[in-house]
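Each chain, written out:
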Amino acid sequence: MIPRARIAVLAVAALLSGCDTYHYIAGTLHEDSRRPVQAMKHYERFLASRPKDPRACEVRLRAAELYRTFFGRCSEARVHYEAAARDFPKQPACLERAKTGLLLCPDYFPTDVGRTWVYVDSASGGKAMRLEWEARTSSGPVGSIQSALYAGNRRIQAKTEYYTKADWAIWRVDKDGREAILRYPYNEAMTWSAKRGKTKVEYLVVSGSTTVKAAAGTFTACLKVRETDSAFKNSWRYDYYCPDVGRVKTTIGGPGFENPNTELLR
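The structure presented is a predicted model; accordingly, all values stated were derived computationally and were not measured.

Conventions we followed
- Residues numbered from 1 in each chain as written.
- Predicted model: local features only at pLDDT ≥ 70, side-chain atom pairs only at ≥ 80, totals over all residues.
- Heavy atoms only, no water.
- Axes fitted to C-alpha atoms, helices over the stretch in contact; angles between N-to-C directions.
- Helix = DSSP H or I, 4+ residues; strand = E, 2+ residues; numbered from the N terminus.
- Left-handed = near helix turned anticlockwise from the far one by under 90°.
- Contact = heavy atoms within 4.5 Å.
- Nonpolar A, V, L, I, M, F, W, Y, C, P; charged D, E, K, R; others polar.
- Disulfide = S-S within 2.5 Å.
- Buried < 20%, exposed > 50% of the residue type's maximum accessible area, 1.4 Å probe, protein only.
- Arc of directions from axis to C-beta.
- Phe/Tyr/Trp six-rings, centres within 6.5 Å; stacked < 30°, edge-to-face > 60°.
- Lys NZ or Arg CZ within 6 Å of the ring centre and 35° of its normal.
- Pairing = 2+ DSSP bridges.

**Details of the packing of helix 5 (residues 74-87) against helix 6 (residues 92-102)**
Here comes step 1: Put simply, helix 5 and helix 6 touch, their axes get as near as 8 Å, and they point 150 degrees apart. The two elements helix 5 and helix 6 cross, and the hand of that crossing is left-handed. Counting all contacts with helix 5, which are made through Arg78, Tyr81, Glu82, Ala84 and Ala85, the residues of helix 6 involved are Cys94, Leu95, Arg97, Ala98, Gly101 and Leu102.
Here comes step 2: Of the residues contributing to the contact of helix 5 with helix 6, the split by class is seven nonpolar, one polar and three charged.

Written out as structure tokens, the structure is:
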């Protein structure tokens, strides 16, 4: 419940500053009191009457976060994130938060600390190859994933990979720079290119919402992304990224064929 003292402050502010300020303050108080439904009603009323108010960028972000974290409704969250990025380009902090939020809802490449993934080769179900990932902390905005590759029961490689979410994309970072492995918006037919060392890599979103089966189960609303290396023009790779899971399957394709390669076990 909202304390009476804070209600009194709210009432005075409303009388002095008008209805718009009332909805702004009421929304923040309800949100702080963990009453998201009531908070959203006030935020939406504020935005309906004052969409270009300097405070509207913060309200957009607050509304987007409530839709993302409490209601789990990314379509509504995206509306507010996109409006914040579009309408307030001269508010750098707001813009960056909006851009980051768009990469989190849905999150096709989660890197929560402690999260783990186990991938196996599709042909043997892991008897020939197994890849283990674990998300760990790192410095600044760059997160790290510790990977271990096994041939049978023998570990043949261990390394740390770095990823960051910024500037409308999810980037793989190494000593040579960064490569966008996913780029917003995640619409079908979306294309972009990247450099991997001296090699040019072309990306294409083949599907913005597909169902894919892997050893770990069946996943829906997934992205299917084609990656083409300029050195191998007659074959390419497909990666399937699923909301709040990450990559669940990789296949190798070419003209008229697509064969499974690796998939998520758990």
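**As for the state of the cysteines**
Every disulfide links exactly two cysteines, by a covalent bond between their sulfur atoms.
Here comes step 1: Using the criterion set out here, one finds three disulfides in the structure.
Here comes step 2: Residue Cys57 pairs covalently with Cys94 via a disulfide, S to S 1.4 Å. Classification of the bridge connecting Cys57 and Cys94 rests on its S-S torsion, roughly -65 degrees, and on that basis the disulfide is left-handed. Linking Cys57 in helix 4 (residues 56-71) with Cys94 in helix 6, this pair joins segments that are 37 residues apart in sequence.

**Re helix 6**
Here comes step 1: For helix 6, the set of buried residues is Cys94, Leu95, Ala98, Lys99, Gly101 and Leu102. In an axial view of helix 6, the angular spread of the buried residues amounts to 160 degrees, which keeps them on one side of the axis. Along helix 6, the residues that are exposed and aim more than 90 degrees away from the buried face are Pro92 and Ala93.
Here comes step 2: Where helix 6 is buried, its residues touch helix 4 and helix 5.

**Observations concerning the packing of aromatic side chains**
Here comes step 1: In the structure shown here, the tally under the stated rule is 13 aromatic pairs.
Here comes step 2: Where Tyr67 meets Phe71, the ring centres are 5.7 Å apart and the plane angle is 50 degrees; that geometry is what we call tilted. Of this pair, Tyr67 and Phe71 are both found in helix 4, four residues apart, which corresponds to roughly one turn of the helix.
Here comes step 3: Tyr67 sits in the buried class, given a relative accessible area of 8%.
Here comes step 4: For Phe71, a relative accessible area of 26% corresponds to the partly exposed category.
Here comes step 5: With a centroid separation of 5.9 Å and 85 degrees between ring planes, the pair formed by Trp117 and Trp133 is classed as edge-to-face. Linking Trp117 in strand 1 (residues 116-121) with Trp133 in strand 2 (residues 129-136), this pair joins segments that are 16 residues apart in sequence.
Here comes step 6: An aromatic cluster is defined as three or more aromatic residues linked by ring pairs; in this entry it consists of Phe109, Trp117, Tyr119, Trp133, Tyr163 and Tyr241.
Here comes step 7: Against the face of Trp171 rests Arg178, its NZ or CZ located 3.8 Å from the ring centre.

**Some remarks on the environment of Ala83**
Here comes step 1: By the secondary structure assignment, Ala83 is in helix 5.
Here comes step 2: On the accessibility criterion, Ala83 (3% relative accessible area) is buried.
Here comes step 3: C-alpha of Ala83 to C-alpha of Pro51: the two residues are 32 residues apart in sequence and 9.3 Å apart in space.

**Thoughts on the pairing of strand 8 (residues 199-214)**
Here comes step 1: Two elements, strand 7 (residues 191-196) and strand 8, share six bridges in a ladder whose sense is antiparallel. Bridging from a neighbouring strand, Thr191 pairs with Leu204 of strand 8.
Here comes step 2: From the end of strand 7 to the start of strand 8, which pair antiparallel, there are two residues, and Gly197 there has a positive phi angle of about 70 degrees.
Here comes step 3: In this structure, strand 8 lies alongside strand 9 (residues 217-229), joined through ten bridges in antiparallel fashion. In the strand pairing of strand 9, Ala214 is matched with Gly217.

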